[in-house]
Amino acid sequence: MSVCDVVYIIKFSNFMDQILHNWRRLEERIARAAELADRVPAEVEVVAITKTRSAAAVEAAIRAGLQHVGENKVQEAEAKKAGVDAAARWHFVGHLQTNKAGKAVTLFDLVQSVDSARLATALDRRAAGACRCLDILIQVNTSGVAQQHGISSEELMPLAEEIAALSHLRLRGLMTIAEDCEKASQVRSCFSRLRQLGERLAATRIEGVEVRYLSMGMSADFELAIAEGANLVRLGTAIFGPRD
């Protein structure tokens, strides 16, 4: 065994110890939040946000029991995924440019951040070329903050109808990012708006559209998101610890 192999084994073991410890604490917090909201904890799935984390850290997270991996950048995911052997469902959670649609289709199982008909059309065309159907979520800007990506509430139904007409995309729910704010009531209101929009979208019964997922909540606010119905929470620091 080479020195490099030994160093890798030590690093991987350290990743596993840290992630297992953090994951056990997270499971307890998720269970408490779900029970307080009169929900079943198993309904809530965690997407491990692996931006800037190494392939070894991702591998360790999957082996610790996490089944979903989330990446913000196509190029980073492409390089990292090649170094991960363990199976997981890969999510794209960042802002996606249309010129990266082809790579996104080959790398990801779910694109959470669709925010225009133009992007949806590009993904549909690329998915058709790859002979596959791609699951997507529509990202909604529920905070009203101009710097955040996502469509407005008023744009949701027209975009959902356009996506429903695309044969290689499957709309499976909604995603939002809450306002970066210290007031819990303001943060929670962003999640509440997404839940209400999800209920409205489900009630339209658009053929081919299913509101299976409400993706909302990150390491600092996921308990508030769970209280408002989140069943995908996107956690990075809470799993891996602070970034270097």
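Residues numbered from 1 in each chain as written. Predicted model: local features only at pLDDT ≥ 70, side-chain atom pairs only at ≥ 80, totals over all residues. Heavy atoms only, no water.

## Regarding the side chain of Thr142
- Here Thr142 lies in the loop between strand 5 (134-139) and helix 6 (156-164).
- For Thr142, a relative accessible area of 4% corresponds to the buried category.
- There is a polar contact of 2.8 Å between the side chain of Thr142 and the side chain of Thr176.
- Non-local contacts of Thr142, meaning those with residues more than four positions away in its chain, are made with Thr176, Ile177, Cys190, Arg193 and Leu194. (Helix = DSSP H or I, 4+ residues; strand = E, 2+ residues; numbered from the N terminus. Buried < 20%, exposed > 50% of the residue type's maximum accessible area, 1.4 Å probe, protein only. Polar contact = N/O pair within 3.5 Å; in protein donor to acceptor, adjacent residues only side chain to side chain. Contact = heavy atoms within 4.5 Å.)

## A closer look at the packing of helix 6 against helix 7 (residues 184-204)
- Where helix 6 meets helix 7, the axes come as close as 11 Å, and the angle between the chain directions of the two elements is 45°. With respect to helix 7, the axis of helix 6 lies oblique. Seen along the crossing, helix 6 lies across helix 7 with a hand that is right-handed. Contacts between helix 6 and helix 7 involve Leu156, Met157 and Ala160 from the first element and Leu197, Arg200, Leu201 and Thr204 from the second.
- Across the contact of helix 6 with helix 7, the residue classes tally to 5 nonpolar, 1 polar and 1 charged. (Axes fitted to C-alpha atoms, helices over the stretch in contact; angles between N-to-C directions. Parallel < 35°, antiparallel > 145°, perpendicular 65-115°, else oblique. Left-handed = near helix turned anticlockwise from the far one by under 90°. Nonpolar A, V, L, I, M, F, W, Y, C, P; charged D, E, K, R; others polar.)

## Digging into unusual backbone geometry
- Here Asp38, not a glycine, exhibits a phi torsion of approximately 65°, which is positive.
- Structurally, Asp38 is set in the loop between helix 1 (3-36) and strand 1 (45-49).
- Positioned with a positive phi, Thr52 is a non-glycine residue whose angle comes to about 70°.
- On the secondary structure map, Thr52 appears in the loop between strand 1 and helix 2 (55-63).

## Re the pattern of salt bridges
- As enumerated under the stated definition, the model contains 13 salt bridges in all.
- A salt bridge links Asp135 to Arg89; its shortest N-O distance comes to 3.1 Å. With Asp135 in strand 5 and Arg89 in strand 3 (residues 89-92), this residue pair connects regions lying 46 residues apart in the sequence.
- The partner of Glu210 in a salt bridge is Arg212, and the shortest N-O contact between them spans 3.2 Å.
- With a relative accessible area of 35%, Glu210 lands in the partly exposed category.
- Three or more residues are tied together by salt bridges with common partners; here these are Arg188, Arg195, Glu199 and Glu228. (Salt bridge = Lys/Arg side-chain N within 4 Å of Asp/Glu carboxyl O.)

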